[in-house]
Amino acid sequence: MSLVYPEIRIPHEEEWQELQAVLQAEIFKKAPNLLHFLEYVAEQHFAGKADQIKEYSIAVQALHRPEQFDPQSDTIVRVTAHALRKKLEHYYATEGLEHPVQIQLPPGKYVLQFVRKQRELTADLGPAVPQSEQEIPQQNRASETRLMWTIWVGSGILVAVLLAVIGMYMNNRRLAARAAKVGSPAPSQNAGQGPVMRIRFGKSDGPFIDAAGQSWTAERYCQGGSLFAHPGHEIQGTDDAAIFQEGREGKFQCKISVAPGTYQLQLLFADTSGDKEAARQVDFTINNRRADALDIVDEAGGDDIAIGKIYTLIRPMDDGAIHLDFTSDGSFVNALEISPVESDGGQTLRMIAGPAVFRDDEGNTWSPERFFQGGRRTFHPDGLPKVANSRLFEWERYGHFHYLIPAVAGKEYRVRLYFSEGWFGGSNGGPGGVGSRVFDVYCNGTTLLKDFDILSSQKDGVSVITFNNVKPTAHGMLDLNFIPVKNYPLINAIEVEPES
């Protein structure tokens with residue numbers, strides 16, 4: 001006798017894992033339009049905005065059609081949807097045949113469906129019932145039938161739960177594996193000066209492995225206040241939402257023992273309580289010295305947005321510890337990083353526009369991007385430019401977007417932006433050429449690039465532009481804005497280096 005699994009809602013972790021598997025599949029690697037289409041509708045799905053997907057938005061935002069796109073005369077979206085539908089069907093008939101969760105694009109719709117593949121659970125009922133036992137009263141038979149049904153259903157539910165747990169485990173393993181694939185994992189030490197400490201506040205008591213393959217330990221250094229967790233919140237600006245979904249709040253004190261030396265402290269925040277501006281003020285001291293009060297919603301520009309604040313040249317007190325005391329009822333923190341530093345401008349920040357880690361030829365580690373808002377990602381490992389460290393250009397963020405990068409107020413920084421045109425131009429097999437993508441870049445309102453065209457400026461397929469003496473805001477932020485002029489801006493990697 002057989003029983004089909006009962007229908008159970010598929011956790012987002014399993015959906016996300018399956019999406020990543022499809023995006024990396026061989027049959028999609030030479031189909032950029034299909035990948036752009038799939039990435040866009042998947043992004044809307046995970047953002048809970050699937051009902052807002054329109055043919056026009058797919059054409060303009062995913063397939064790079066001009067804003068004058070007319071769906072009546074241009075069938076690109078319908079043609080691409082049909083091709084994607086057939087490609088998914090082929091994928092799940094071959095490479096993805098045994099995947100427990102499968103992605104479908106129903107005919108006539110642009111909304112993804114994640115469905116669990118039906119499997120049969122065979123129950124061994126043992127040998128046939130002897131003739132002498134066929135006189136069992138009907139009531140007993142009914143009881144046994146209900147018992148067996150309960151066992152079968154319970155088995156199905158147990159297997160589904162196990163799949164969900166395995167999916168979450170494999171998701172962290174997948175992120176760490178991806179980091180290893182594109183480069184060496186981020187080192188746990190910085191230039192041989194001592195260990196980097198990464199601490200996650202909140203109710204979880206185990207370590208967390210982030211997109212870079214780095215381990216965050218559970219907080220055990222603080223007293224007072226209370227712990228909170230808002231696990232359902234989607235956090236902008238990070239691939240590690242779990243770090244920002246928990247924290248400690250209220251008035252509390254932390255004593256963190258470190259080796260002798262000079263450190264950078266980075267505090268990480270995302271307000272998940274639904275507060276408005278000026279409703280929640282974070283007051284705190286570092287080694288008994290008062291820091292500027294923070295309004296996280298105002299700093300970030302809204303709720304559920306990850307931001308960081310950095311403080312440099314911090315030394316342990318006489319007891320060998322860094323003391324961090326939060327003194328207002330509205331205070332909170334989600335996580336912190338403590339790392340050795342020499343410059344009063346902090347550490348150099350190097351990040352690529354994707355959830356991966358890369359070690360360049362000089363031994364520098366490029367981390368997954370943080371502190372981004374808006375835009376979308378794409379991944380194109382094939383056809384990379386023929387230059388050193390070409391894997392800096394594997395990932396791309398494009399669309400309307402900006403970065404809010406923490407820095408030290410009053411200091412100056414050298415900012416390098418890394419670009420490679422991977423869509424327009426004959427060398428990419430795409431439409432158009434010079435003049436097809438034009439955009440501006442601003443930092444804190446100051447123009448860095450005006451009417452910038454990657455194709456007209458790049459050499460050997462890349463353009464790396466350096467800006468000196470860039471100053472953060474009085475609140476210690478470098479707000480990099482990418483503004484479209486014609487089609488969408490893009491960025492592959494960003495480097496921010498203190499000049500003093």
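Since the model is a prediction, treat every value here as computed from it, not as a measurement.

S.K.: Please set out the overall build of the protein chain residue by residue, giving values where relevant.
M.R.: Counting its secondary structure elements, the protein chain contains eight helices and 28 strands. Out of the 500 residues in the protein chain, the part that is buried amounts to 50%. Across the protein chain, contacts joining residues at least 24 apart in sequence account for 71% of those joining residues at least 6 apart. Just so you have it, the protein chain exposes about 23,800 Å², and 51% of that area is on carbon and sulfur atoms.

S.K.: Give me the sheet that holds strand β6 (residues 208–209): which residues, what numbers.
M.R.: The strands making up a sheet associate through hydrogen bonds between their backbones, and the pairing can be parallel or antiparallel. The strand order across the open sheet formed by six strands is β6-β7-β5-β16-β10-β13, and the pairing between neighbours is mixed. Sheet topology places β6 and β13 (307–314) at the edges, where each strand pairs with a single neighbour.

S.K.: Describe the state of the cysteines, listing the residues and the values that go with them.
M.R.: With the rule as written, the count across this model stands at one disulfide. Disulfide partner of Cys-222: Cys-254, at an S-S distance of 2.0 Å. Taking the sign of the S-S torsion, about 105 degrees here, the bridge from Cys-222 to Cys-254 comes out right-handed. Highlighted residues: Cys-222 in strand β8 (residues 222–229) and Cys-254 in strand β9 (residues 246–257), separated in sequence by 32 residues. We classify Cys-222 as buried; its relative accessible area is 12%. Taking the relative accessible area as the measure of exposure, Cys-254 reaches 2% and is therefore buried.

S.K.: Can you tell me about the packing of aromatic side chains, naming the residues and giving the values?
M.R.: Evaluated as defined, the whole model comprises 20 aromatic pairs. With centroids separated by 5.3 Å and ring planes inclined at 85 degrees, the aromatic side chains of Trp-366 and Tyr-418 adopt a geometry described as edge-to-face. Placement of Trp-366 in strand β19 (residues 365–368) and of Tyr-418 in strand β22 (residues 413–419) is noted, with a sequence separation of 52 residues between them. Judged by its relative accessible area of 2%, Trp-366 falls in the buried class. Since its relative accessible area comes to 10%, Tyr-418 is described here as buried. Aromatic pair Phe-419 and Phe-439: ring centres 5.9 Å apart, planes at 50 degrees, arrangement tilted. In this pair, Phe-419 is assigned in strand β22 and Phe-439 in strand β23 (residues 438–443), connecting sequence segments 20 residues apart. As far as burial versus exposure is concerned, Phe-419 and Phe-439 are alike and both buried.

S.K.: Account for the sheet that holds β22, with residues named and values stated.
M.R.: Ordered by their spatial adjacency, six strands build an open sheet running β18-β19-β17-β28-β22-β25, and the pairing between neighbours is mixed. Looking along the sheet, the strands with just one partner apiece sit at the ends: β18 (358–359) and β25 (463–470). Looking at chain direction, β22 and β25 are connected through six bridges and run antiparallel. Within the sheet, the bridge partner assigned to Tyr-413 lies in β25 and is Val-470.

S.K.: Requested: an account of the confidence of the model for the protein chain, with residues and values cited.
M.R.: For the protein chain, the mean per-residue pLDDT works out to 83, and 81% of the residues sit at or above 70. Predicted confidence is poor over residues 119–147, with pLDDT under 50, and the contacts of this stretch with residues over four places away or in other chains come to 23 contacts. Counting interchain partners and residues more than four positions distant, the pLDDT-below-50 stretch residues 149–153 has seven contacts.

S.K.: Give a detailed account of unusual backbone geometry, specifying residues and quantitative values.
M.R.: Residues apart from glycine generally show negative phi values, whereas peptide bonds are mostly found in trans. Of note, Asn-389 is a non-glycine position whose phi angle comes to about 55 degrees, a positive value. Inspection of the secondary structure assignment puts Asn-389 in the loop between β20 (372–379) and β21 (395–406). At Asp-451, a position not held by glycine, the phi torsion is positive, near 50 degrees. Structurally, Asp-451 is set in strand β24 (residues 446–452).

S.K.: Let's hear about the packing of helix α2 (residues 32–46) against helix α4 (residues 76–93): which residues, and what values?
M.R.: Two elements in contact, α2 and α4, have axes whose closest approach is 10 Å; the angle formed by their N-to-C orientations is 90 degrees. Here α2 lies roughly perpendicular to α4, going by the angle between them. Along its contact with α2, which presents Asn-33, Leu-34, Phe-37 and Leu-38, the element α4 presents Ile-76, Val-77, Thr-80, Ala-81, Ala-83, Leu-84 and Lys-87. Looking at the contact of α2 with α4 residue by residue, the classes come out as eight nonpolar, two polar and one charged.

S.K.: Please set out α4 residue by residue, giving values where relevant.
M.R.: Compared with the 26 Å implied by 1.5 Å per residue over 18 residues, the 26 Å span of α4 between its first and last C-alpha is a close match. The set of residues buried in α4 consists of Ile-76, Val-77, Thr-80, Ala-81, Leu-84, Arg-85, Leu-88, Tyr-91 and Tyr-92. For α4, the angular spread of buried residues about the axis comes to 160 degrees, placing them on one side. Packed against the buried residues of α4 are α1 (12–23), α2, α3 (55–62) and β2 (101–104).

S.K.: Residue-level account of the side chain of Glu-299, with values.
M.R.: Tracing the sequence through the fold places Glu-299 in helix α7 (residues 296–300). Excluding residues within four positions of it along the chain, Glu-299 makes contact with Leu-294, Ile-307, Lys-309, Leu-404, His-475 and Met-477.

S.K.: How would you sum up the pattern of salt bridges? Please name residues and give values.
M.R.: Following the criterion strictly, the structure yields 25 salt bridges and no others. Across the pair Lys-86 and Glu-89 runs a salt bridge, and its minimum N-O distance is 3.8 Å. Residue Lys-86 and its partner Glu-89 are located together in helix α4, separated by three residues, close to a single helical turn. Here Arg-370 and Glu-337 are joined by a salt bridge, their closest N and O atoms 3.0 Å apart. With Arg-370 in the loop between β19 and β20 and Glu-337 in strand β16 (residues 335–340), the pair connects residues that are 33 residues apart, well separated along the chain. We classify Arg-370 as partly exposed; its relative accessible area is 22%. Overall, Glu-337 belongs to the buried group, its relative accessible area being 11%. Several salt bridges share partner residues, and in doing so they unite Arg-350, Arg-414, Arg-416, Glu-495, Glu-497 and Glu-499 into one network.

Reading guide: rules and limits
Residues numbered from 1 in each chain as written. Predicted model: local features only at pLDDT ≥ 70, side-chain atom pairs only at ≥ 80, totals over all residues. Heavy atoms only, no water. Helix = DSSP H or I, 4+ residues; strand = E, 2+ residues; numbered from the N terminus. Buried < 20%, exposed > 50% of the residue type's maximum accessible area, 1.4 Å probe, protein only. Contact = heavy atoms within 4.5 Å. Areas by Shrake-Rupley, 256 points an atom, 1.4 Å probe, with all protein chains shown as cover. Pairing = 2+ DSSP bridges. Disulfide = S-S within 2.5 Å. Phe/Tyr/Trp six-rings, centres within 6.5 Å; stacked < 30°, edge-to-face > 60°. pLDDT = per-residue confidence, 0-100. Axes fitted to C-alpha atoms, helices over the stretch in contact; angles between N-to-C directions. Parallel < 35°, antiparallel > 145°, perpendicular 65-115°, else oblique. Nonpolar A, V, L, I, M, F, W, Y, C, P; charged D, E, K, R; others polar. Expected span 1.5 Å × (residues − 1). Arc of directions from axis to C-beta. Salt bridge = Lys/Arg side-chain N within 4 Å of Asp/Glu carboxyl O.

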